[in-house]
Amino acid sequence: MNKAAPKTLDLQQVFGWLVGDGILPQAEARAAYQKAQSILKNGGSGMHPLTAVAQSKLHSALPPHKLLTLDWLSEWMASKVKLPFFRIDPLKVDFAKVADVMSASYAARFNILPIEMNAAELVVATAEPFISEWEAEIAKVTRRKLKLVIANPLDIAQYTAQFFALAKSIKDANKANGQELALRNNFEQLVELGKNNKQVDANDQHIINIVDWLWQYAFDQRASDIHLEPKRDMGAIRFRIDGILHQVYQVPIVVMMAMTARIKLLGRMDVIEKRRPQDGRIKTRTNGGQEIELRLSTLPTAFGEKLVMRIFDPEVVVKTLPELGFPPVEAKRWDELTSRPHGIILVTGPTGSGKTTTLYTTLKALATSQVNVCTVEDPIEMVEASFNQMQVQHGIDLSFADGVRALMRQDPDIIMVGEIRDLETAEMAIQAALTGHLVLSTLHTNDAPSAVMRLLELGVPHYLLEATLAGIMAQRLVRTLCPSCKAPGAELSDDTWQSLAEGGDIEKPKVAYRAVGCPECRQTGYRGRTGLYELLTVTQPFSQLMKKEADLHALRRQAMGDGMTPLRQAGALKIAQGVTTADEVLKATSAIN
């Protein structure tokens, strides 16, 4: 590097580069420099010059005239100093390991952050490429070759604070309470003589900090589920993001058990009982003040108690049907169907296909001050003030059927039954529909016509189905392509398109978009999910086919003749619109014949 260059990157150097590269015209440079200098002075001594430039909201003079964001400026600076640019992904950083490399004050002093370490190499992110006095010392201490990368200065500051604080909390909690734990009530027990085997206090401040961080971290990463999984030597933390599980971190088993105890305590669960599964719920807030509900579920395993937290965002129920992925035509048909005064409407699909979200969104729209909406659920997924919600209690013989029977005496207009699992529940739902109520429920079937077969198999008489069944909707969730990096791919083969379109008159796209991968989507190529919907409206011809010896293929043909768009065709439309990929649709609908 140029030895005459300033030791600390300054604003003058940055503007010199911007003008030299033609990104900022000479005529505009003076005014822009003065504005950035004012921001830098008001931002305090800790503000990085690139941050001041980014806050100036400048646009590049070069096509396509992009806004000079902090990420763009950081990557551009990396090219100027001939170092790689690195987007820090907190899910991929073992912060306890890198926190052992240096202290938090040392990292903050030089504006650096260790992000990866293996047997031969230590990767360090910096926002000050001209400060190198620390390099020889760290290389000597770690006995590893150093690799420098440039990162966003705000990311370095944020994650320096987070990683070192969390690593300290985990280390202190583990150190204060012994390295090993007698795994009581587990199948495999390891006790080391001479070690302190006492448990960590669930109310220990370190544990409180770790649990608070875990939740906020999960909210920031858009996780739908948090898994705490005890293993033989360590506890694994995993997040489910867009339907895919990601390894987040490993903590000492003693710390994980204390985290589990802390969460069970907050969820009003029996902290002492670890031999049987338990359920609970917690309501909390994000840093932005948004309310979030967590549904808790524990399971005894060979190495301890496994805890899964499902995250429910109350904002989901205020989304419109198109925002969930409904095409406008299907949204209109669904609204017409759910506006009926009575009858049974079913939503089907496997676990995790978005059935609950669809039902809550629908009920939220229907729950006006003129109607009484009652639900019986197992468990209550989200607490909603506009519904009257009841939870199934198997311990006191309060089943779905008992719940519906009780609700019938509560003057309901609309009843939502969490799931029809047996004949008794099906019969109670039918009885409610026959007496003038609108009943919504779920079933686990592969597609909409299969729901009829399932009800007949349970023993529901076909004439009662003919009298009450109004409609069935099957659904799936597929990942949506990341808008920041999706790119045109190869044209789909005729065989693949035929499999997707299922004989429909959907025009095959000349080019199907493909997943690429970028920092925004964690190199997966996908960001977020959308729904595929197959809506079957029961017509007179269809109801005549609902007999004891009903033929599934005949039901399916009739439903399609009545206007039902099969799930794969719904997926084909999303592919043609560039929303998702053929692989995602085929994977989501693979169980459908």
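Since the model is a prediction, treat every value here as computed from it, not as a measurement.

(A) The arrangement of the overall build of the protein chain in detail. Helix and strand counts for the protein chain stand at 22 helices and 18 strands. Taking the principal axes of its C-alpha atoms as reference, the protein chain extends roughly 90 × 70 × 45 Å. Here the protein chain holds 593 residues, and 52% of them are scored as buried. Once local pairs closer than 6 in sequence are excluded, the contacts in the protein chain between residues at least 24 apart make up 63%. Counting every atom, the protein chain has about 28000 Å² of accessible surface; 50% of that belongs to carbon and sulfur. Taking the average location of the 67 positive side-chain charges in the protein chain and that of its 67 negative ones, the two points are 6 Å from each other.

(B) Geometry of the environment of valine 19. Within the secondary structure, valine 19 is located in helix α1 (residues 11–20). Considering only alpha carbons, one finds valine 19 and alanine 61, 42 residues apart in sequence, at a separation of 9.8 Å. Residues contacting valine 19, with those up to four places away along its chain left out, are Leu24, Gln26 and Ala29.

(C) Molecular detail of the packing of helix α14 (residues 400–407) against helix α15 (residues 423–434). Interhelical geometry of α14 versus α15 gives an angle of 20° and a closest axis separation of 8 Å. Taken together, α14 and α15 sit at an angle that is classed as roughly parallel. Here the hand of the crossing between α14 and α15 comes out left-handed. For the pair formed by α14 and α15, the contact residues are Phe400, Ala401, Val404 and Arg405 on the first element and Glu424, Thr425, Met428 and Ala429 on the second.

(D) Looking closely at the UniProt feature "domain: Bacterial type II secretion system protein E" (unreviewed entry) in the protein chain. Mapped onto this numbering, the UniProt entry gives "domain: Bacterial type II secretion system protein E" (unreviewed entry) at residues 408–422. Span residues 408–422 is 0% helix and 27% strand, its end C-alpha atoms 19 Å apart.

(E) Structural context of the sheet that holds strand β9 (residues 304–312). Taken together, 6 strands build an open sheet; the order of strands is β6-β5-β4-β9-β8-β7 and the sheet is antiparallel. Looking along the sheet, the strands with just one partner apiece sit at the ends: β6 (244–252) and β7 (278–285). Within the sheet, the average angular offset between the axes of one strand and its neighbour, ignoring direction, is 20°. Bridge count between strand β4 (residues 225–230) and β9: 4 bridges; the pairing is antiparallel. Bridge pairing in β9 places leucine 228 opposite leucine 307. The sheet contacts of helix α10 (residues 253–266) involve β4, β5 (234–241), β6, β7, β8 (291–301) and β9, and relative to β6 the element is tilted by about 110°.

(F) Spotlight on the nonpolar core. Counting 91 residues, the largest nonpolar core has Leu18, Phe95, Trp134, Leu228, Phe239 and Met309 as the members making the most contacts within it. In terms of residues, this core owes the most to one element, helix α9 (residues 205–220), which gives 9 residues. Ignoring any residue separated from it by four or fewer positions in sequence, one finds methionine 309 in contact with Leu214, Trp215, Ser224, Asp225, Ile226, Leu228, Ile263, Leu294, Arg295 and Leu296. Val392, Phe400, Ala426 and Ala448 belong to the second largest nonpolar core, which has 56 residues in total.

(G) Seen up close, the sheet that holds strand β2 (residues 121–126). Across the sheet, 3 strands lie side by side as β1-β2-β3; this open sheet has mixed pairing. The open sheet is flanked by β1 (112–117) and β3 (145–150), the only strands paired with a single partner. Within this sheet the neighbouring strands show an average axis-to-axis angle of 30°, counted without direction. Here helix α7 (residues 135–142) sits on the sheet and contacts β2 and β3; the angle it forms with β3, its principal contact strand, is near 130°.

(H) Layout of the packing of aromatic side chains. Scanning the entire structure with this criterion turns up 10 aromatic pairs. Taking 5.3 Å as the distance between ring centres and 85° as the angle between the ring planes, the aromatic pair formed by phenylalanine 15 and tyrosine 33 counts as edge-to-face. In this pair, phenylalanine 15 is assigned in helix α1 and tyrosine 33 in helix α2 (residues 26–42), connecting sequence segments 18 residues apart. For lysine 486, the ring lying beneath its charged end belongs to tyrosine 513, and the centroid distance is 4.8 Å.

(I) Structural detail: the pairing of β4. Taken across its 6 residues, β4 has 6 buried, putting it largely inside the fold. Relative to β5, β4 runs antiparallel, the two being bridged by 6 bridges. Its bridge partner being in β5, leucine 228 is matched across the sheet by isoleucine 237. Counted along the chain from β4 to the antiparallel partner β5, the turn is 3 residues long.

(J) Region of the structure containing the domain arrangement of the protein chain. When the domains of the protein chain are assigned, the result is domain 1 (11–68), domain 2 (95–173), domain 3 (205–312) and domain 4 (317–477 + 530–565). Once you take the C-alpha centre of each, domain 2 and domain 4 turn out to be 54 Å apart.

(K) How the structure looks around the pattern of salt bridges. Summed over the entire model, instances satisfying the criterion amount to 28 salt bridges. Among the ionic pairs, arginine 421 bridges to glutamate 419, the shortest N-O distance being 3.2 Å. Residue arginine 421 is classed as partly exposed on the basis of its relative accessible area of 35%.

(L) Region of the structure containing the environment of alanine 107. One can find alanine 107 in helix α6 (residues 104–110). If we ignore the near neighbours within four places in the chain, the residues touching alanine 107 are Met102, Ile112, Thr160 and Phe164.

Conventions used here
- Here the residue numbers are simple positions, counted from 1 along each chain's written sequence.
- With the structure being a predicted model, the display of local features is reserved for residues of pLDDT at least 70 and the display and counting of side-chain atom pairs for 80 or more, all residues being used for whole-chain, interface and lining totals.
- Only hydrogens and water are removed before side-chain values are computed, so all heavy atoms of the structure are retained for them.
- Secondary structure follows DSSP: runs of H or I at least 4 residues long count as helices, runs of E at least 2 residues long count as strands, and numbering of each begins at the N terminus.
- Note on exposure labels: buried denotes an accessible area under 20% of the residue type's maximum, exposed denotes more than 50%, and partly exposed covers the range between, all computed with a 1.4 Å probe on protein chains only.
- In this description, contact between two residues means that some pair of their heavy atoms is separated by no more than 4.5 Å.
- Using a 1.4 Å probe, the Shrake-Rupley method yields the accessible areas, and only the shown protein chains count as cover for residues.
- Under this rule, positive means Lys or Arg and negative means Asp or Glu; His and the chain ends count for nothing.
- Where a charge lies is defined by one atom per residue type: Lys uses NZ, Arg uses CZ, Asp uses CG and Glu uses CD.
- What counts as an axis is a line fitted to C-alpha atoms, over the stretch in contact for a helix, and the angles between N-to-C directions run from 0 to 180 degrees.
- When describing relative orientation, an angle under 35 degrees is termed roughly parallel and one over 145 degrees roughly antiparallel, while 65 to 115 degrees is termed roughly perpendicular and anything else oblique.
- For any helix crossing, the convention is left-handed if the near helix is rotated counterclockwise from the far helix by under a right angle, and right-handed if that rotation is clockwise.
- UniProt positions are given in the numbering used here, feature names are shortened, and annotations may be inferred rather than shown by experiment.
- Any two strands with at least two DSSP bridges between them are considered paired.
- For this analysis, a nonpolar core means a set of buried residues of the types Ala, Val, Leu, Ile, Met, Phe, Trp, Tyr and Cys, connected via side-chain atoms within 4.5 Å.
- Pairing of aromatic side chains here covers Phe, Tyr and the six-membered ring of Trp, requires ring centres within 6.5 Å, and sorts the geometry by plane angle: under 30 degrees stacked, over 60 edge-to-face, intermediate tilted.
- Lysine NZ or arginine CZ positioned within 6 Å of the ring centre and within 35 degrees of the ring normal marks a charge as sitting over the ring.
- Each domain's extent was defined by an automatic or database domain assignment.
- A side-chain nitrogen of Lys or Arg and a carboxyl oxygen of Asp or Glu constitute a salt bridge if their distance falls within 4 Å.

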